[in-house]
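Secondary and tertiary structure notes
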Amino acid sequence: MTAAPSFEDLLGRPGLAWMGQNTTHLEPPPEVTEALLRSTREREFQLYAPALGFSRLRELIVRDLGLAGADAWVTDGAVGGLHHICTALATDLSRVVTTDPGWPWPGRFAGFSGTPVSTVDVYPAGKATAAGFAEVIEPGSLIYLIDPLNPLGARYDRAELEAIVELARDTRSLIVHDCTYRHFADGHTLVAGLYPEGTFTTYSFSKWLGLAGLRLGAVVARPDLLARLTKVPSNPLGANIQAQRAAIAGLTVKEPWLERVRAANRRNQEIVRHATETSGFGSVLVWPSHGNFVAVEVGPGLAEAVCAAMLEHDVFIRPGTYQSPRSGDRFVKVSTSVPVEWAERFAVAWAKLEVWP
Ligand SMILES: Cc1ncc(COP(=O)(O)O)c(C=O)c1O
């Protein structure tokens, strides 16, 4: 098996259907592009931004989430905030509990700081239960909950979150509610509304607004809780100033933009599902997916071969191995907030797949 090519190598293939990073590749709102151009013309890149982000942006993020009374800290992508949570709070944490499949970095950050990490197996349904977490949790843990779950696309119902919050209260644990994909979900509930005294909500501009390369996100929490992180912020010189201008512009035109991006996402998810059903190879694991991606079961040991074969047809998708040590060899993940031509190319390529166990 050949090793997966680096992102840098893939960038050298301009015609590639880029369906492997859950990023959005539609023409951005003109207001966002204009904000970037204006900021460049005004040479704002010569300045540092405020340590916690522009006040206007912080207000807009809190308003977008509808978490009155909360405060936002603008970070270098959601991942910058997650890194700081897992390292700055490490001495107060007995354990991090999370899921497999999931997103591996927060567990790695915690492990790097010496905090033990436990994962609960959620394959193939994509949701942990309070009972599942209860088997591994200790007093003073941090529950890292990705919702909707990258890579499977499941999202939690309110009652499921209430049970997890009860466990967190009983064990005096914190919750990180990673809401990176919230804008693609139907009927999403914020844990912070149920457990404001113990929840950090992480927020990203990489996915719904498509600013992945600009590196902008946020951590939102009650001011007393957020202050535990911001008394010594990880980047006191401020997150990317141009990205903040673009994010403000994006939040200002959020409704029409989301309507467009969600419609494109849903249509492409249907194309991917139809392609797997009609080819007789693979099956979508969680439907509907509440993220901008779908996960497709392809059979044990086949995920990397399928991705390599798709790449030969100029379609970049990812194997589950990146996100699931337990089950990742048996599924692939396909990002869907992309031009319809890419989804159609995916369908044609999928129909031609010849993968032998
Ligand atoms: C679950 C999850 N959290 C966080 C991130 C990182 O987001 P950002 O690009 O805002 O750093 C990702 C990116 O793929 C993700 O899937």
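Residues numbered from 1 in each chain as written. Predicted model: local features only at pLDDT ≥ 70, side-chain atom pairs only at ≥ 80, totals over all residues.

**Points about the nonpolar core**
Defined as follows: The nonpolar core is taken to be a set of buried Ala, Val, Leu, Ile, Met, Phe, Trp, Tyr and Cys residues joined by way of C-beta atoms within 7 Å. Whether a residue is buried, exposed or partly exposed follows from its count of other C-beta atoms within 10 Å of its own C-beta, namely 20 or more, 12 or fewer, or something in between, respectively; the C-beta atoms are built from the backbone. Comment: elements are numbered from the N terminus, with helices defined as DSSP H or I runs of at least four residues and strands as E runs of at least two. Where each domain begins and ends follows an automated or database-derived domain assignment. For every residue pair, C-beta atoms are placed from the backbone, and the pair is scored as a contact if these atoms sit within 7 Å.
If you look at the biggest cluster of nonpolar residues, it comprises 104 residues, and the most contacted ones within it are Met19, Ile143, Val220, Val296, Val332, Val334 and Phe346. Ranked by the residues each element gives to this core, the list is headed by helix 11 (residues 303-312), at six residues. Three or more residues apiece are contributed to this core by two domains, here domain 1 (7-28 + 255-351) and domain 2 (30-252). Those residues within four positions of Val220 in sequence are excluded, and the remaining contacts are Ile61, Val62, Leu65, Leu67, Ala70, Ala72, Thr201 and Tyr203.

**Focus on the pairing of strand 5 (residues 141-146)**
For clarity, the cut-off: Think of it this way: DSSP has to see at least two bridges between two strands before they count as a pair. If you view a crossover with the strands going away from you and the path from the first strand over the helix to the second runs clockwise, you call it right-handed.
The buried fraction of strand 5 is high, at six of six residues. With burial as the criterion, each face of strand 5 is covered, one bearing Ser141, Ile143 and Leu145 and the other bearing Leu142, Tyr144 and Ile146. Bridging between strand 3 (residues 95-100) and strand 5 involves three bridges; their strand directions are parallel. Opposite Val97, over in strand 5, you have Ile143 as the bridge partner. Regarding topology, helix 7 (residues 158-170) serves as the crossover connection from strand 5 to the parallel strand 6 (residues 174-178), and that connection is right-handed.

**Quick notes on the UniProt feature "domain: Aminotransferase class I/classII large" (unreviewed entry) in the chain**
Rule in force here: UniProt positions are given in the numbering used here, feature names are shortened, and annotations may be inferred rather than shown by experiment.
Under the UniProt annotation, "domain: Aminotransferase class I/classII large" (unreviewed entry) lies at residues 19-324. Helix makes up 38% of residues 19-324 and strand 16%, whereas the separation of the span's terminal C-alpha atoms amounts to 19 Å.

**Comments concerning the sheet that holds strand 10 (residues 293-297)**
Read across the open sheet, the four strands follow the order 9-10-13-12; overall the sheet is antiparallel. Both outer strands of the open sheet, strand 9 (283-284) and strand 12 (318-319), are each paired with one neighbouring strand and no more. Pairing of strand 10 with strand 13 (residues 331-335) involves five bridges; the strand directions are antiparallel. Residue pairing across strands places Val296 opposite Val332, the latter belonging to strand 13.

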